[in-house]
Amino acid sequence: MEEALKATKILAEDCRLRGTAFRLGAVLKDVLDKFLPDDVHFRSNGRVRVAVTQILWRPRGLLVDQFDSKEDLINAVFTSSFIPGYVAPRPATMFSNRLCIDGGLTLFMPPTSATQTIRVCAFPASRLGLQGIGISPDCNPESQATPREVVAKKLLQCCNGWVDQGGK
């Protein structure tokens, strides 16, 4: 947990200093590569489920829980959070030879039969009526933003990052 917190702080500091627009994905991949152990894919197989959305020929949710390598697991996490134009300057990313984007489009809260699950939501789960969320902004008592305010803030950060980088 200490290493995960350390990695999160490094990611957050980088984003505060340099913005997030069009580069968050590269920063995320770099931090995961530095902090995850080389055998993370063996440890995660069958235990970690990542949702991605295959967009061709029609949007379809996929749950990935088998990883061939550390890089494959990192790419799954990257793909599961791929918001077009925000995470990278392209409309989609390739994962397992499929054109994909964020898994939340089709599987906002993926089903599970696991005995122990930690669900993560980027939005205040209680305000969305979601139950059983282990990590979300409303886990922090100081965070009182509505889902609309969270989205607006993220879009503003995206635009500020784009302007800060000279509109490139």
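The notes below deal with the structure included here. Predicted model, so just to flag it, every value in this text is computed and none were measured. (Residues numbered from 1 in each chain as written. Predicted model: local features only at pLDDT ≥ 70, side-chain atom pairs only at ≥ 80, totals over all residues. Heavy atoms only, no water.)

The next thing to look at is the packing of helix 2 (residues 24–35) against helix 4 (residues 70–80). For the pair helix 2 and helix 4, interaxial distance at closest approach is 10 Å and the crossing angle is 145°. Regarding helix 2 and helix 4, the two cross each other, and that crossing is right-handed. The segment helix 2 lies against helix 4, with Gly-25, Leu-28, Lys-29, Leu-32 and Asp-33 engaging Lys-70, Ile-74, Asn-75, Val-77 and Phe-78. Broken down by class, the residue content of the contact of helix 2 with helix 4 amounts to five nonpolar, two polar and three charged. (Axes fitted to C-alpha atoms, helices over the stretch in contact; angles between N-to-C directions. Helix = DSSP H or I, 4+ residues; strand = E, 2+ residues; numbered from the N terminus. Left-handed = near helix turned anticlockwise from the far one by under 90°. Contact = heavy atoms within 4.5 Å. Nonpolar A, V, L, I, M, F, W, Y, C, P; charged D, E, K, R; others polar.)

Taken together, the four strands give an open sheet; going across it, the order is 2-1-4-3, and neighbouring strands pair in antiparallel fashion. Two strands bound the open sheet, and with one partner strand each, they are strand 2 (60–64) and strand 3 (93–95). Along the sheet, successive strands turn relative to each other by an average axial angle of 55°, direction set aside. (Pairing = 2+ DSSP bridges.)

The next subject is the side chain of His-41. Along the chain, His-41 falls in helix 3 (residues 40–44). At a separation of 3.5 Å, a polar atom in the side chain of His-41 contacts the main-chain carbonyl oxygen of Asp-38. Look past the residues within four positions of His-41 in its chain and what remains in contact with it is Phe-67, Asp-68, Ser-69 and Lys-70. (Polar contact = N/O pair within 3.5 Å; in protein donor to acceptor, adjacent residues only side chain to side chain.)

The next point concerns the pairing of strand 1 (residues 50–54). Of all five residues making up strand 1, five are buried, and the element is well covered by its neighbours. Here strand 1 shows a buried face lined by Val-50, Val-52 and Gln-54 and a second buried face lined by Ala-51 and Thr-53. The turn linking strand 1 back onto strand 2 is made up of five residues. Bridge count for strand 1 against strand 4 (residues 98–102) is three bridges, and the pairing is antiparallel. Across the sheet, the residue bridging to Val-52 is Asp-102, located in strand 4. (Buried < 20%, exposed > 50% of the residue type's maximum accessible area, 1.4 Å probe, protein only.)

For the rest of this paragraph, the subject is the pattern of salt bridges. Summed over the entire model, instances satisfying the criterion amount to six salt bridges. For Asp-39, the salt bridge goes to Arg-43, with nearest N and O atoms at 3.1 Å. Beyond isolated ion pairs, a larger network of salt bridges with shared partners links Asp-33, Asp-38 and Lys-70. (Salt bridge = Lys/Arg side-chain N within 4 Å of Asp/Glu carboxyl O.)

In this section: the side chain of Thr-93. Looking at where Thr-93 falls in the secondary structure, it is placed in strand 3. Contacts of Thr-93, omitting those with residues within four sequence positions, involve Phe-78, Thr-79, Phe-82, Arg-98, Leu-99 and Cys-100.

Within the fold, Phe-67 resides in the loop between strand 2 and helix 4. On the basis of relative accessibility, which here comes to 3%, the residue Phe-67 falls in the buried class. For Phe-67, the contacting residues outside a window of four places in its chain are His-41, Ser-44, Asn-45, Val-48, Val-50, Asp-72, Leu-73 and Ala-76.

Another point: helix 4. Every buried residue of helix 4 is listed here: Lys-70, Asp-72, Leu-73, Ile-74, Ala-76, Phe-78 and Thr-79. Close packing links the buried residues of helix 4 with helix 2, helix 3, strand 1, strand 3 and strand 4.

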